[in-house]
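Below are the chains, spelled out letter by letter.
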Amino acid sequence: MRDARTIHEAIMESVEEIGRWQSWCTHRYSLADALAFCRASKIAHREQTEFNYLVVDADTQRVHGVVSLNQLRPMHGVANLGYWLRSSSVGQGIMSCAVRQCAERAFQRHGLQRLEIVADVNNRRSRKVAERVGAHYEGIARQRLRYRGEPRDARIYALVKQ
């Protein structure tokens, strides 16, 4: 719960960028929302239904963003890998490093064999992270995402266990 304030701070700094792709990210996102995210993440982790990892600077404890494993389908060894990064941390290779670490953990600790990255076709930064970490582009899934109730096409990338 101690991370809620720094998560909220990172989101508020980044509303204009993240909010273009994530409906939940608005100027109305409150500290209470960040606390709710922390609580829900703790429960989901305990229940092994979702894993949200903070991307934190080891020296300053500054939150750069979050990497998530969600939509787990353990029977098939598949999960979604999502991420967001605060605006002032863009362009430093931070998210690529965090995604690689999360993928390694997913394959080794969670027994997954395939991670899917689903990015809005116009979200160039998210697509670039997927490409930098070696995710294979598989195609466009029509109306795969919803943004504020409206369907959007998405590019699908996959990382598979080697």
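Further up the page is the structure itself.
What comes next concerns the included structure. (Residues numbered from 1 in each chain as written. Predicted model: local features only at pLDDT ≥ 70, side-chain atom pairs only at ≥ 80, totals over all residues. Heavy atoms only, no water.)

## Some words on unusual backbone geometry
Most peptide bonds take the trans configuration, and most residues that are not glycine carry a negative phi.
Right, on to step 1. A positive phi is found at Gln61, a non-glycine position, where the angle reads about 65°.
Right, on to step 2. Following the sequence through the fold, Gln61 ends up in the loop between β1 (51-56) and β2 (63-73).
Right, on to step 3. Here the phi dihedral of Gln71 falls at roughly 50°; this positive angle occurs in a residue that is not glycine.
Right, on to step 4. One can find Gln71 in strand β2. (Helix = DSSP H or I, 4+ residues; strand = E, 2+ residues; numbered from the N terminus.)

## A word on the pairing of β1
Note on strand geometry: in a regular strand, side chains alternate between the two faces of the sheet.
Right, on to step 1. Pairing of β1 with β2 involves 6 bridges; the strand directions are antiparallel. Bridge pairing in β2 links Tyr53 to Val67.
Right, on to step 2. Between β1 and β2, which follow one another and run antiparallel, lie 6 residues, and Gln61 among them has a positive phi close to 65°. (Pairing = 2+ DSSP bridges.)

## Thoughts on the pairing of strand β6 (residues 150-160)
Right, on to step 1. With 7 bridges joining them, strand β4 (residues 114-120) and β6 adopt antiparallel strand pairing. Along β6, the bridge assignment pairs Arg114 with Val160.
Right, on to step 2. Bridge count for strand β5 (residues 136-147) against β6 is 8 bridges, and the pairing is antiparallel. Paired with Tyr137 across the strands is Tyr157, a residue of β6.
Right, on to step 3. Between β5 and β6, which pair antiparallel and follow one another directly, the connecting turn spans 2 residues, one of which, Arg148, has a positive phi of 50°.

## Digging into the side chain of Asn52
Right, on to step 1. Checked against the element boundaries, Asn52 lands in strand β1.
Right, on to step 2. A distance of 2.9 Å separates the side chain of Asn52 from the side chain of Glu50, its partner in a polar contact.
Right, on to step 3. Engagement of the side chain of Asn52 in a polar contact is seen with the side chain of Ser68, the distance being 2.5 Å.
Right, on to step 4. For Asn52, the contacting residues outside a window of four places in its chain are Phe37, Ser41, Val66, Val67 and Ser68. (Polar contact = N/O pair within 3.5 Å; in protein donor to acceptor, adjacent residues only side chain to side chain. Contact = heavy atoms within 4.5 Å.)

## Quick word on helix α3 (residues 31-47)
Right, on to step 1. Here α3 is 17 residues long and its end C-alpha atoms lie 24 Å apart, about the 24 Å a rise of 1.5 Å per residue gives.
Right, on to step 2. For α3, the complete set of buried residues consists of Ala34, Cys38, Ser41 and Ala44. Projected down its long axis, α3 carries its buried residues within an arc of 135°, all on one side. Opposite the buried face of α3, by more than 90 degrees, sit the exposed residues Ala32, Lys42, Arg46 and Glu47.
Right, on to step 3. Gln48 occupies a position one or two residues after α3 and carries a positive phi of about 60°. (Expected span 1.5 Å × (residues − 1). Buried < 20%, exposed > 50% of the residue type's maximum accessible area, 1.4 Å probe, protein only. Arc of directions from axis to C-beta.)

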